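Residues per chain are reported as follows:
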Amino acid sequence: MTFGDKTSKHPVTAGLVKSRSVGYGVRVVSRIDAPAADRSRNSDVHVAPVSDETDVARHLSAPALEAGPPVPSADPGTTEPPVGTAAGPTTTSGAAPGPLRTPRLPRPAAPRILRRLRREPTDAYNPLDYDPRIDSRERERVRIRRIAIVTVSALVLMGLAIVGARSTSPLDRLDLSDLRAATTLTTEQGRDLRAGLPITLAADQTEHIALAFQDMAALSVEQIAAVGDRTGTTPAIADAIQLVGHPMVDTGDTRLPATIDDLLTASATVPAVPAPGLPSIDIPRFDDYGALAAILARGTTGLRTGTDVDRGLIAGAASIALAAAATTELGSDTPYRRLLPAEVTGTIGAMLDVTSDDLTAVHDAVVGTNMPAFYERDASMLALLSHDWADRHDSMRNLIGWVGGDYRTPLAGQTANALAHLIADRHDAFVRFRPDAGPTAALDPRVARSVAETLRPYLSALAGDRRTPTSDIVMFTGSEQYANFLAVLGAQPDARRVLNNALIDATESLAGDFGTNPYTPVTANGTIIGRLTTAMYRGTQLAAERYDGRDEPVSFDDVAALVESDIGQRASGRTADLFIAQGLLYSRPELALEPTLAAHLRPGQRNQLSWEQVDVIGFAMQRWARANGVPFDQFTAGIVDGRQPGLWSSTGGR
């Protein structure tokens with residue numbers, strides 16, 4: 001095997017001797033300071049077998065290459081010359097070698113990038129190491145490629161670290177079945193809790209809940225919500241929060257995570273740093289309120305029975321509503337942004353939607369008991385009632401709507417009483433002044449209607465009627481206070497129509513009750529009727545004067561026209577006589593024999609009077625009552641007394 005006849009193309013530096021070991025048992029020795037005549041094409045390098053140090057010294061007198069043992073040839077009779085010898089085979093007889101040729105020595109195999117860039121430090125220079133194909137531009141391209149590889153690798157590792165951190169989030173280690181079991185009450189526990197009796201969770205239940213809350217300590221509410229959605233633990237987390245936040249549930253030393261507890265015990269808003277063009281009030285954790293409401297909405301409704309969690313959520317919603325009433329320039333710090341009215345209303349509505357099932361918490365918010373320290377009843381309820389609800393008005397209706405349906409319970413009666421007196425006593429706070437429209441009603445029309453429908457069963461009791469089966473209603477002090485209450489709600493036509501019809505219903509019920517039981521007591525029902533009718537007309541008048549922007553008092557004729565537009569012919573007041581007669585037909589059946597009344601009995605319906613010619617029936621009934629000892633005059637005297645201005649006495653119905 002021979003090498004090609006190629007000489008080194010590299011210049012030689014005079015006066016230097018360089019040596020380097022290369023592969024295949026060959027040592028390259030280059031004499032740089034040889035005479036010029038000896039540095040001809042084939043005389044500066046030659047190859048000879050290396051025997052000992054003497055041979056090496058001998059060869060230093062002329063450029064030489066030491067070679068290893070002969071390489072066997074494919075032909076048994078010959079051997080290949082050692083690497084670096086003259087071309088052509090030599091015989092085993094030891095013939096003299098031919099002329100020496102400069103070889104191109106192969107280098108050991110190495111990765112391409114290392115062949116180009118890696119240079120092992122040596123104590124000798126070998127011109128053959130130089131690769132003319134590698135220039136500065138190629139080196140720059142390789143450097144950029146290496147930087148790109150390192151950068152991409154780092155990004156991949158970072159992504160894997162993030163995914164790994166998420167997949168090993170503390171809540172991911174929880175056993176869902178354990179947390180679900182820990183928040184599941186027995187039948188007896190659920191019954192006692194609904195009845196307002198204290199319960200105690202088992203030790204293993206509190207242990208699992210405490211473990212969950214310990215893992216939540218480092219997470220924000222939004223992160224808890226995200227992990228709950230991903231792991232399916234949201235309902236269990238919601239129930240755990242409600243149980244630990246329930247004053248009637250003993251959970252040992254377990255407490256709510258600080259990130260949640262802070263939301264429920266501190267005001268949602270803080271004053272912003274004054275700066276031109278920036279919001280004046282900040283809600284730092286605005287998004288956390290929405291996230292907490294979303295978590296709790298997926299919990300068990302039966303656990304919402306007077307929890308401090310629901311109380312805190314109502315208080316937080318009220319503090320946001322207060323800020324929205326003070327300014328439209330609201331901001332949030334997480335992340336910082338200007339809050340739009342729609343998202344503010346949406347979050348408040350979501351918070352109230354969750355708490356509307358907790359009747360005890362709603363009662364406490366309206367009455368102003370057992371609430372967080374930062375909660376101020378009057379300001380908070382005024383802010384919620386007068387908030388611009390837009391398309392979320394159902395949230396306020398759901399919050400208080402149950403009060404009208406459960407009017408026989410003390411909880412509902414106390415809530416209705418507090419709400420009615422708040423509206424009456426703070427009626428001036430429900431006026432909103434607008435430069436282009438003057439004074440207008442602050443209540444949203446749909447919210448006003450919802451409040452009117454909620455309080456409808458209590459209107460008679462607020463005038464002193466004790467037939468309503470609740471002792472928690474405190475009657476108004478006089479017709480003016482009642483009128484102020486009616487004016488706030490009656491500023492909206494739909495709400496006024498609901499109230500006026502409810503008031504007439506109450507007067508007709510009282511009249512019928514007098515006819516059915518005309519002897520005990522004879523004046524009370526008449527007095528209450530007088531109070532109700534007077535408050536109805538006065539309230540309608542005040543609403544028109546305060547909220548319609550009129551510059552002069554509204555006449556009685558105008559008020560009567562408004563009332564008549566709401567209740568029709570019932571506005572005449574003569575329908576009370578009809579209901580008295582209807583009641584007398586049950587208590588004194590002989591009334592049906594009176595010729596005038598008999599003519600107005602409906603055929604086939606015994607003791608049912610028709611509505612035609614109400615005045616005729618009224619006069620006939622009065623004449624008969626006086627002739628037959630019915631205390632009708634005392635009844636009418638009570639109506640006149642009830643219409644008098646001034647403070648009301650404690651006289652009330654049965």
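Bear in mind the structure is a predicted one, so any value in this text is a computation, not a measurement. (Residues numbered from 1 in each chain as written. Predicted model: local features only at pLDDT ≥ 70, side-chain atom pairs only at ≥ 80, totals over all residues. Heavy atoms only, no water.)

**So, helix α26 (residues 632-642)**
- Taken together, the buried positions of α26 are Phe632, Phe635, Gly638, Ile639 and Gly642. Buried residues along α26 cover an arc of 115 degrees about the axis, so they all sit on one side.
- Buried-residue contacts for α26 involve α20 (493-516), α21 (524-547), α23 (575-587) and α25 (614-627). (Buried < 20%, exposed > 50% of the residue type's maximum accessible area, 1.4 Å probe, protein only. Helix = DSSP H or I, 4+ residues; strand = E, 2+ residues; numbered from the N terminus. Arc of directions from axis to C-beta. Contact = heavy atoms within 4.5 Å.)

**Description of the packing of aromatic side chains**
- All told, the structure shown has 6 aromatic pairs when counted by the stated rule.
- A centroid spacing of 6.1 Å and a plane angle of 55 degrees characterise the contact between Tyr482 and Phe485, whose relative ring orientation is tilted. Remark: Phe485 and Tyr482 occur in helix α19 (residues 479-490); sequence separation between them is 3 residues, near one turn of the helix. For the pair formed by Tyr482 and Phe485, the shared burial category is buried.
- Plain terms: the ring middles of Tyr537 and Phe556 are 5.6 Å apart, the flat faces sit at 25 degrees to each other, and that makes the pair stacked. Of the two residues, Tyr537 sits in helix α21 while Phe556 sits in helix α22 (residues 556-567), which places them 19 residues apart along the sequence.
- Phe556 sits in the exposed class, given a relative accessible area of 56%. (Phe/Tyr/Trp six-rings, centres within 6.5 Å; stacked < 30°, edge-to-face > 60°.)

**With respect to the pattern of salt bridges**
- Applying the stated rule across the entire model yields 20 salt bridges.
- Among the salt bridges present, the one from Asp566 reaches Arg496, with a minimum N-O distance of 2.9 Å. Of the two residues, Asp566 is situated in helix α22 and Arg496 in helix α20; the sequence distance between them amounts to 70 residues.
- Looking at Asp566, the relative accessible area reads 8%, which means it is buried.
- On the accessibility criterion, Arg496 (14% relative accessible area) is buried.
- Among the ionic pairs, Arg588 bridges to Glu590, the shortest N-O distance being 2.6 Å.
- A residue is classified by how much of its surface remains accessible, and Arg588, at 16% relative accessible area, is buried.
- When its relative accessible area of 32% is taken as the criterion, Glu590 is described as partly exposed.
- A single salt-bridge network, built from bridges that share partners, covers Asp494, Arg496, Arg497 and Asp566. (Salt bridge = Lys/Arg side-chain N within 4 Å of Asp/Glu carboxyl O.)

**Let's talk about the nonpolar core**
- Of all hydrophobic cores here, the largest spans 146 residues; its most connected members are Ile241, Tyr482 and Phe485.
- Setting aside anything within four residues of it in sequence, one finds Tyr482 in contact with Leu459, Ser460, Leu462, Ala463, Phe476, Leu503, Leu532, Ala535 and Trp648. (Core = buried A, V, L, I, M, F, W, Y, C linked by side-chain atoms within 4.5 Å.)

**Here's the deal with the packing of α23 against α25**
- One way to put it is that α23 packs onto α25 with a least axis distance of 8 Å and a crossing angle of 50 degrees. The orientation of α23 with respect to α25, classified from their angle, is oblique. Judged by the sense of rotation from one axis to the other, the crossing of α23 with α25 is left-handed. Every residue of α25 that contacts α23 at Thr575, Asp577, Leu578, Ile580, Ala581 and Leu584 is listed here: Val614, Ile617, Gly618, Met621 and Gln622.
- The class makeup of the residues in the contact of α23 with α25 is 7 nonpolar, 3 polar and 1 charged. (Axes fitted to C-alpha atoms, helices over the stretch in contact; angles between N-to-C directions. Parallel < 35°, antiparallel > 145°, perpendicular 65-115°, else oblique. Left-handed = near helix turned anticlockwise from the far one by under 90°. Nonpolar A, V, L, I, M, F, W, Y, C, P; charged D, E, K, R; others polar.)

**Structural notes on the pairing of strand β12 (residues 330-333)**
- The pairing of strand β11 (residues 281-282) with β12 spans 2 bridges and is classified as parallel. Paired with Asp282 across the two strands is Gly331, which belongs to β12.
- One ladder, built from 4 bridges, connects β12 with strand β13 (residues 336-339); its direction is antiparallel. When the bridges of β13 are listed, Gly331 appears paired with Arg338. (Pairing = 2+ DSSP bridges.)

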